[in-house]
Structures are given as C-alpha cells and as structure tokens.
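Architecture at a glance
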Amino acid sequence: QSALTQPASVSGSPGQSITISCTGTSSDIGGYNFVSWYQQHPGKVPKLMIYDVTKRPSGVSNRFSGSKSGNTASLTISGLQAEDEADYYCTSYTRISTWVFGGGTKVTVL
Amino acid sequence: QEQLVESGGGLVKPGGSLRLSCEASGFSFSDYYMTWIRQAPGKGLEWISYISSTGTVIYYGDSVKGRFAISRDNTRNSLYLQMNSLRAEDTGVYYCAKGPEGYCSRTGCYVASSWFDPWGRGTLVTVSS
C-alpha cells in the first residue's frame, strides 16, 4: 500500500488561510469517508484534528476544517496562528482493511 | 481521563525480538479497537497494525506482516506487539492508540469511524548491532 501524497511544506502569514492536500486512490480516500488528520508539534505526540473527512473532535478549534473531492482530501486552517506551526499527517482506510498515512506536511507560519 | 502508556522498548540487535506493551486506563478497554503506529527518527507516521475489540480481527501493514504479532488481554486492559526478526528499519518510536471505531456483528467486524485518539507517549525501539 503506497503512502498518501502530501506536499512537503505549506506556509502562510498570520491570519491567512492555508490548505493541505492529501492525494490517494479510489482504493483508499476515494472509496471511503474514513480520512483523519493529525497535528504533531516537535517532540510531541500526534493529536487528532479531523476525522471522517469533516468531523472535528471536541476541543479542536473551528479554524480547522476538512473536505474531500474524489481521491483527494484536504485540511484547511483559517486564521493561521503561530501555534499552528507543526507537522500535519493525513490517514485513510483502504479497501484491504488497512490504514495508510501521508508523508506529512510541515506548516510554517511566516 | 483516558490514558495509554507504552513500555518494552529498548536496544536490540538485528534479528532479535522485543515485546511492547500498552496499558490503558480511563475508558472501557474491551469495547474498543486498538492500533499500533510507529515513527522512524525524523520521518513520518506509519500504521503498523490494529486489532478488534474482541481480538478476532487483526490486520498488519506490509512492512511488518509475518514478523510482528498484535494481541490484547482485555482482563488486563493491555495491548501488546510481539516483534520478531527485527531490522534496522524497524527503529523508531512506537505509539499505541485507541481506535479506530469499529463494531462486530454476527456477520463480521467492521470499521465505523476513522479516529485514532488518544495516543500514548510512545516507546523507543532501536535496532542496531
């Protein structure tokens, strides 16, 4: 199972919106609404930000939102803040009942 | 609050074995699927394996299939990962996580939601001679 494709880095200024893409195939992202996103600050444990494509766990800022179109899922961060600078990973369920992660995207707040 | 604590990591020679444990507290462990995820130094996350709430459904990633074995003891609120034939590329931090959400019926066990939450703090495995 090949890893999902994410851009290596995305940057934006405070207050701006950025979008991180996560591209898979019809055997994973395109076939199921089981996509989740994780935020990881350096040296810290990954934190769930979005699950089931669009759902936000309690406690996660509503500046974070998720979507999907075809084989590509996206995470949008609006009103970018310094604390959002971190690595972000997507993951998807696959047709062979396994899970696959993206390679990760480093978000830089300029 | 919900908590997961991994243990059992350490330094092992190539070809050796290790058994990782993950002790859960703060939730009804026997009701949930559980997952192992790892992260090589400076690299991204890699899904390793998950096990259904009853232990009847188990899946592995290609990189560990045939070498690693996941198991659980619901009486001890514990998840395990037996790692055999270890290689240098198995080096990394191993996290256990609650999830995904799943359910079992008379027709089988099925994933119902895509969350992994919470995660433990991880245990470091180093494979080196």
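This report concerns the structure included in the present document.

1. A word on the packing of aromatic side chains
Scanning all chains against the criterion turns up 17 aromatic pairs over all chains. Between F27 of chain B and F29 of chain B, the ring centres sit 6.4 Å apart and the planes meet at 50 degrees, which makes this aromatic pair tilted. F29 of chain B matches F27 of chain B in its accessibility class, with the two residues each being buried. Put simply, the rings of Y32, F34, Y38, Y93, W99 and F101 of chain A together with Y95, F116 and W119 of chain B pair up and form one aromatic cluster. Against the face of Y32 of chain B rests K98 of chain B, its NZ or CZ located 4.0 Å from the ring centre.

2. Regarding the sheet that holds strand β9 (residues 92–98) of chain B
All names here are of chain B. If you walk across this open sheet you meet the six strands as β2-β12-β9-β4-β5-β6, and the pairing is mixed. The sheet is open, and its two edges are formed by β2 (10–12) and β6 (58–60), each paired on a single side. Averaged over all pairs of adjacent strands, the angle between their axes in this sheet comes to 25 degrees, without regard to strand direction. Here β9 pairs with strand β12 (residues 123–127) via three bridges, running antiparallel. If you follow V93 over to β12, its bridge partner there is L124.

Rules behind the numbers
- Residues numbered from 1 in each chain as written.
- Chains lettered and ligands numbered in written order.
- Predicted model: local features only at pLDDT ≥ 70, side-chain atom pairs only at ≥ 80, totals over all residues.
- Heavy atoms only, no water.
- Phe/Tyr/Trp six-rings, centres within 6.5 Å; stacked < 30°, edge-to-face > 60°.
- Buried < 20%, exposed > 50% of the residue type's maximum accessible area, 1.4 Å probe, protein only.
- Lys NZ or Arg CZ within 6 Å of the ring centre and 35° of its normal.
- Pairing = 2+ DSSP bridges.
- Helix = DSSP H or I, 4+ residues; strand = E, 2+ residues; numbered from the N terminus.
- Axes fitted to C-alpha atoms, helices over the stretch in contact; angles between N-to-C directions.

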